[in-house]
Amino acid sequence: METKFKNIIEELRTMFGNCIVSFKEIGGGLLTEVRAECLPEVASHVFNNLGMYYSTSAGSDERSINGKYAIYHIFSADGIGFFVLKAAAPATKPHIPSISRKVPGANWAEREAMDMFGINFINHPEPKRLILPDDWPKNIYPLRKDFEYSYRPSSEPAESPTTSVYVGGSEYVSALPLGPYHPALHEPEYFELLVKGEEVIDVRYRGFHVHRGIEKIGESKLTYNQVPFIAERICGICGFVHSSSYCIAIERALKVDVPERAQYIRSLVLEIERIHSHLLWVGVACHLLGFEIGFMHSWRIREHVMDLAELLTGSRKTYGINIPGGVRRDILENHVDKAKRVMDLVENELKILKDKLLVPEVKARLKGVGYLPKEDARKIAVLGPTMRGSGIARDVRKDQPYSAYPELDFEIAVYDEGDNLARTLVRIDEILESIKIVKQALDNLPPGPIRTEVIPKPYRFGVGAVEAPRGEVTHFIITGERSKPYRWRVRAPTYNNIPALRVML
């Protein structure tokens, strides 16, 4: 891995000299530790000059290992691996300079580390709570190792939310609340739209109302082999991407050679999940547009895919077949032909539906709406169809290949318009590409075992990333003692995509 990063290592040593503490190969990439005071400039160089794509950041309480807190900023060096930038701070004064002014996409992740670890990010542009509710008591940080996962602190009085503001000292702007429960929101999220007449000039977001502390439970109670079952419940629609990403992170950290048949089964199920998720999304979009026939047909076709998932895995959702080292359930020979017939049926029906969906009335409501320029998409670090609808041709299935994807042929769907229509077309095209991938995986499913043994080793690092229907899912792992994760960081794609609403709206 260091060989792949050789030129980058030499460049960083030349440019930043004494700022570099160490380079270390990790599962899936390279870990570069820098002195905290140098962090913003090194991160800026990696993001702006070397052109790496920002993925996420992970705070970590490492007092029991080295007496410090740490932040890990994870970038994707497409085609090479993941580049992880680390800075540490002493436990007595956990202050680390913020990179958010240089790398705007890091805003949320740094605020989350403030909430959950009490790390103070110096010069952060928006040092407000993100995860914790307003009445959470001060100086209690849930992801510190000395915080018991079952502890429930009492609340403190919270300040009243702002209902209206003045902009520029003279023009009155109204605050329009949307949510946290609203027919157009499929999860409890709260948006405060700041409007001047018909123009939305800003949006304030509060989410995480159903934050379940999954990372804390994984680090406190579960073993490597138990985590995939809770990981698959992170998302009620696309859970297999999370268990896959977690398993890949563990396998890379512990240098596990996963059997080829298991790799194909993972890719097969991941694409089945992509098809049903995109069809669900298209149906919901049609419903919100008032085009109910599109909703009905999308979900009718989706039923074929859900039945196929049940045939192959035993469940319509939360398949439960992932385990570090491979999969727990094989694809039966007599199910292969059935799966091919279902894919032919879905492909034919989708092509008919595509023509019916894109009627002038639907196009008129999507075209030119929610515009996200390419430069803003990269700056905010959006992912998946949101990113590809703005002309950025990234897809971790090709850029950071995993499972059987290096052996499978498919195209990346990209549109340059940057509007809601472009993002819709990306999803429709991706369904057709996923059908092609499923057929290839079924035709080329290799024989052999479906799982290999995993030997636990503490304090190894791994990064796993999977292209979920909504974009890249990233799991960062530090292994611990007794076959348990020491640090498990999860980042779903919507986490990166929601901040772009400020631009879109």
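Throughout what follows, the structure given in this document is the object of discussion.

What counts, and where the lines are drawn
- Residues numbered from 1 in each chain as written.
- Predicted model: local features only at pLDDT ≥ 70, side-chain atom pairs only at ≥ 80, totals over all residues.
- Heavy atoms only, no water.
- Pairing = 2+ DSSP bridges.
- Helix = DSSP H or I, 4+ residues; strand = E, 2+ residues; numbered from the N terminus.
- Axes fitted to C-alpha atoms, helices over the stretch in contact; angles between N-to-C directions.
- Buried < 20%, exposed > 50% of the residue type's maximum accessible area, 1.4 Å probe, protein only.
- Polar contact = N/O pair within 3.5 Å; in protein donor to acceptor, adjacent residues only side chain to side chain.
- Contact = heavy atoms within 4.5 Å.
- Expected span 1.5 Å × (residues − 1).
- Disulfide = S-S within 2.5 Å.
- Salt bridge = Lys/Arg side-chain N within 4 Å of Asp/Glu carboxyl O.
- Phe/Tyr/Trp six-rings, centres within 6.5 Å; stacked < 30°, edge-to-face > 60°.
- Lys NZ or Arg CZ within 6 Å of the ring centre and 35° of its normal.

Read across the sheet, 3 strands follow the order S14-S15-S16 without closing on themselves; strand pairing throughout is antiparallel. Each edge of the sheet is formed by a strand with only one pairing partner; in this case those strands are strand S14 (461-468) and strand S16 (485-491). Pairwise comparison of adjacent strand axes, ignoring direction, gives a mean angle of 15 degrees for this sheet. For S14 and strand S15 (residues 471-479), the ladder comprises 8 bridges, and the chain directions are antiparallel. Directly across from Gly464, in S15, lies its bridge partner His475.

One can find Asn496 in helix H16 (residues 493-497). Exposure remark for Asn496: the relative accessible area of 3% places this residue in the buried category. A distance of 3.2 Å separates a polar side-chain atom of Asn496 from the backbone oxygen of Ser55. Once you skip the residues sitting within four places of it in the chain, Asn496 turns out to touch Tyr54, Ser55, Ile380, Ala381, Val382, Leu383 and Arg491.

Taking 1.5 Å of rise per residue, 14 residues should cover 20 Å, and helix H7 (residues 240-253) covers 20 Å from first to last C-alpha, within 8% of that figure. Across the 14 residues of H7, 13 count as buried, placing the element largely inside the fold. Directly beyond the C-terminal end of H7, a positive phi value near 55 degrees is found at Lys255.

Here we come to the state of the cysteines. Inspection of every chain in the model, using the stated rule, returns 1 disulfide. One disulfide bridge connects Cys19 with Cys38, the sulfur atoms lying 2.2 Å from each other. One disulfide, between Cys19 and Cys38, carries an S-S torsion of -65 degrees and so falls in the left-handed class. One end of the pair, Cys19, is in the loop between helix H1 (6-16) and strand S1 (20-26); the other, Cys38, is in the loop between strand S2 (29-34) and helix H2 (39-49), with 19 residues separating them in the sequence. Exposure class is identical for Cys19 and Cys38. Each is buried.

Per the counting criterion, the structure on display carries 36 salt bridges. Notably, a salt bridge pairs Arg489 with Glu215, separated by 3.8 Å at the nearest N-O pair. Here the residue Arg489 occupies a position in strand S16, and Glu215 occupies one in helix H5 (residues 214-220), the gap between them amounting to 274 residues. Just as Arg489 is buried, Glu215 falls in that class too. One salt bridge connects Asp429 with Lys354, and the closest N-O pair in it is separated by 3.4 Å. Of this pair, Asp429 sits in helix H15 (residues 420-443) while Lys354 is found in helix H10 (residues 333-357), placing the two residues 75 residues apart along the sequence.

All right, on to the sheet that holds strand S3 (residues 53-62) then. With mixed pairing, the 5 strands of this open sheet are ordered in space as S1-S2-S5-S4-S3. On the outer flanks of this sheet lie S1 and S3, each paired with one strand and no other. With strand direction ignored, the average angle separating the axes of adjacent strands in the sheet is 20 degrees. One ladder, built from 9 bridges, connects S3 with strand S4 (residues 68-77); its direction is antiparallel. For Ser57, the partnering residue across the bridge sits in S4 and is His73.

A complete count under the given rule lists 18 aromatic pairs for this structure. Here the aromatic rings of Trp136 and Phe147 are separated by 6.4 Å at their centres, their planes lie at 40 degrees, and the arrangement is tilted. Highlighted residues: Trp136 in the loop between strand S7 (120-122) and strand S8 (164-167) and Phe147 in the loop between S7 and S8, separated in sequence by 11 residues. In this pair, the class of Trp136 matches that of Phe147, namely buried. Residues Phe240 and Tyr319 carry aromatic rings whose centres are separated by 5.7 Å and whose planes lie at 65 degrees to one another, so their mutual orientation is edge-to-face. One end of the pair, Phe240, is in helix H7; the other, Tyr319, is in the loop between helix H9 (292-313) and strand S12 (322-323), with 79 residues separating them in the sequence. Classification of Phe240 as buried rests on a relative accessible area of 0%. On the basis of relative accessible area, Tyr319 is assigned to the buried category, the value being 5%. Lying across the ring of Tyr319, Lys317 places its NZ or CZ 4.8 Å from the centre. In this structure, Lys398 is placed above the aromatic ring of Phe410, and the distance from its NZ or CZ to the ring centre is 4.3 Å.

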